[in-house]
Amino acid sequence: MSRPTSNRGRLPRSARNVSVSWALALCLAALPACSADVADGGGTTAAGPTVTGTLSTTVDGTQVDIDYAGGKVVAEIVHKLNPEATGYGCITSLYLSLSKADGSCPLELTFQPGAGDGLALSEASFFAAKAATPCEGFPGSDKGVKVEWTLAGGDASVLIAPVQPGEANKTSATLKAQDLKPKGTIKLKNGGKQFELDLSSFRIKGDLKSTGSTQVSCGTAIGEEICPKGVTYGNKVGDYVRQPLGAYRCDDDSPYNPAELCGSPAQLIVAYQHWVTENDNWGGKDVITALATTIANYKDIGVVFVVLTGKQKVVVKNAEGKFEASGPAPTKADCDAIKAEYKLPDSVVMVYDKDKSLTSTDKQPVGAGFTPAIAAASSEGKIVAVLPDSEGKMDQGKLDAAIQQAIDTN
């Protein structure tokens, strides 16, 4: 383990890193084509849902108008399974993929329970190019590679009625004659560029399928709205993970707020100095190396990986006149290198201390006295364990125990 650079006294983007949830994966498994034509009980074929609406915006000074009328719709819905045949089932997740008839210009929207009426948008992507299919008329669509714009802000929602009695108790339910009208304006980003999109022009009509599950909640799924208020923020056991963290997202340089992880089964905050990799014997290596596997084993936990320094090792004299190892301020290149080296999944939020301001005791993201260090926190962000321990020990067993403790605290 390396000591921190100083011993002196002294982190929303919407639920994008929230990926399309396991519940949606369940829909994929149970319903191979949620939006495809399906045969009803009489052997006839019911038409799938339809879409109308225009993506109208300005990108790089260019007016863009993309008409989706007659296009394709993929709808994946999950509802709370009601054991009573006479009961209703709330919608806990709605994923919509809208594209033109040729499959180009896909717009993907994920809605989950929010603080207000209906479902709140938690994730959005627009593809100027995907699978080498360009979106004609959209700037940058002729690159021949995947060009994705992701959610950068705004608020949007959609109203959808609960699954009706007689269907809510089915693992495969039919939502008849739906008429979905998303509303709200959002921002989508690609690198340093953004554009605004008003979703209110879109309309999805037709019968939809929903997968019933007992392992879902009708409450707010994830996000700042369900973080506790009036609590003590810090970096030690008993504190709540700082909001904001004081670090910046590696992908777009926006300030990062861990509040977006509230509602996850557990939260992990990993603090890491890139220069330690120059020494192949640094403590905690096995844990960090196995982190991707750990994340996969504990489904849907929120993980923030904080890069504190760059790779070059620097020796400095501390306030007590002792020499300590440190490193330069990290760059986005350090983020990319670390993510690739440890094969971290996209669900991990990579952030970096680009101003090198998190080295003092009261600013450190994890109050362990060492790096790498990991704080395990509950669904609400309350820190229940910090690794390594007071003796500088951190191993996989201790990390597993910390994650389980965080999950059990909920």
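About the criteria used
- Residues numbered from 1 in each chain as written.
- Predicted model: local features only at pLDDT ≥ 70, side-chain atom pairs only at ≥ 80, totals over all residues.
- Heavy atoms only, no water.
- 1 Å grid on protein atoms, 1.4 Å probe; cavity = no way out; pocket = protein on both sides within 12 Å on 5 of 7 lines; lining within 4 Å.
- Points joined across faces, edges and corners; volume = space filled by probe spheres on them.
- Nonpolar A, V, L, I, M, F, W, Y, C, P; charged D, E, K, R; others polar.
- Salt bridge = Lys/Arg side-chain N within 4 Å of Asp/Glu carboxyl O.
- Helix = DSSP H or I, 4+ residues; strand = E, 2+ residues; numbered from the N terminus.
- Buried < 20%, exposed > 50% of the residue type's maximum accessible area, 1.4 Å probe, protein only.
- Core = buried A, V, L, I, M, F, W, Y, C linked by side-chain atoms within 4.5 Å.
- Expected span 1.5 Å × (residues − 1).
- Arc of directions from axis to C-beta.
- Contact = heavy atoms within 4.5 Å.
- Polar contact = N/O pair within 3.5 Å; in protein donor to acceptor, adjacent residues only side chain to side chain.
- Phe/Tyr/Trp six-rings, centres within 6.5 Å; stacked < 30°, edge-to-face > 60°.
- Lys NZ or Arg CZ within 6 Å of the ring centre and 35° of its normal.

Any chance you could break down empty space enclosed by the protein for me, citing the residues and the numbers?
Considered as a void within the structure, the second largest cavity measures approximately 40 Å³ in volume. Every residue along the wall of the second largest cavity is listed here: Tyr233, Tyr240, Val241, Arg242, Gln243, Pro258, Ala259, Cys262, Gln267, Glu380 and Gly381. Considering only residue class, the lining of the second largest cavity consists of six nonpolar, three polar and two charged.

Account for the pattern of salt bridges, with residues named and values stated.
Throughout the structure, instances matching the rule amount to 12 salt bridges. The residue Asp253 makes a salt bridge to Lys332 at a minimum N-O spacing of 3.8 Å. A residue pair is termed long-range when its members are at least 10 positions apart, and Asp253 in the loop between β18 (248-249) and β19 (267-273) and Lys332 in helix α4 (residues 332-341) qualify at 79 residues. Asp253 sits in the partly exposed class, given a relative accessible area of 27%. The residue Lys354 makes a salt bridge to Asp253 at a minimum N-O spacing of 3.9 Å. In this pair, Lys354 sits in the loop between β23 (349-352) and β24 (373-377) while Asp253 sits in the loop between β18 and β19, placing the two residues 101 residues apart along the sequence. Within the structure, one salt-bridge network assembled from shared partners comprises Arg249, Asp251 and Glu260.

Run through the nonpolar core, naming residues and quoting values.
Across soluble globular proteins, nonpolar side chains have a tendency to be buried as a group. Counting residues in each nonpolar core, the largest one holds 44 residues, and the members touching the most others are Tyr68, Phe126 and Phe138. Here this core takes six residues from strand β9 (residues 119-130), the largest share from any one element. Membership of the second largest hydrophobic core comes to 34 residues, among which are Val307, Ala385, Ile403 and Ala406.

Got a sec to walk through helix α5 (residues 396-409)? Specific residues and values, please.
Across its 14 residues, α5 extends 20 Å between first and last C-alpha, which sits within 8% of the 20 Å expected from 1.5 Å per residue. For α5, the full list of buried residues reads Leu399, Ala402, Ile403 and Ala406. When α5 is viewed along its axis, its buried side chains cluster within an angular range of 95° and face the same direction. Looking at the buried positions of α5, the neighbouring elements they touch are β19, α2 (285-289), α3 (291-297), β24 and β25 (383-387). Where α5 begins, one side-chain oxygen reaches toward the backbone nitrogen of Gly397, 3.2 Å away; that side chain belongs to Asp395.

Summarise the packing of aromatic side chains; cite the residues concerned and give the values.
On inspection of all chains with the given rule, the structure shows eight aromatic pairs. Ring geometry for Phe126 against Phe195: centres 6.1 Å apart, planes inclined by 90°, an arrangement best described as edge-to-face. Of this pair, Phe126 sits in strand β9 while Phe195 sits in strand β14 (residues 193-198), and the two are 69 residues apart along the sequence. Classification of Phe126 by relative accessible area gives buried; the value is 0%. Between Tyr272 and Phe305 the ring centres are 5.4 Å apart and the planes differ by 55°, which places this aromatic pair in the tilted class. Of this pair, Tyr272 sits in strand β19 while Phe305 sits in strand β20 (residues 302-309), and the two are 33 residues apart along the sequence. Given the relative accessible area of 0%, Tyr272 is considered buried. On the basis of relative accessible area, Phe305 is assigned to the buried category, the value being 0%. In this structure an aromatic cluster arises from ring pairing among Phe126, Phe138, Trp149 and Phe195. It is Lys130 that lies over the ring of Phe127; its NZ or CZ is 4.3 Å from the centre.

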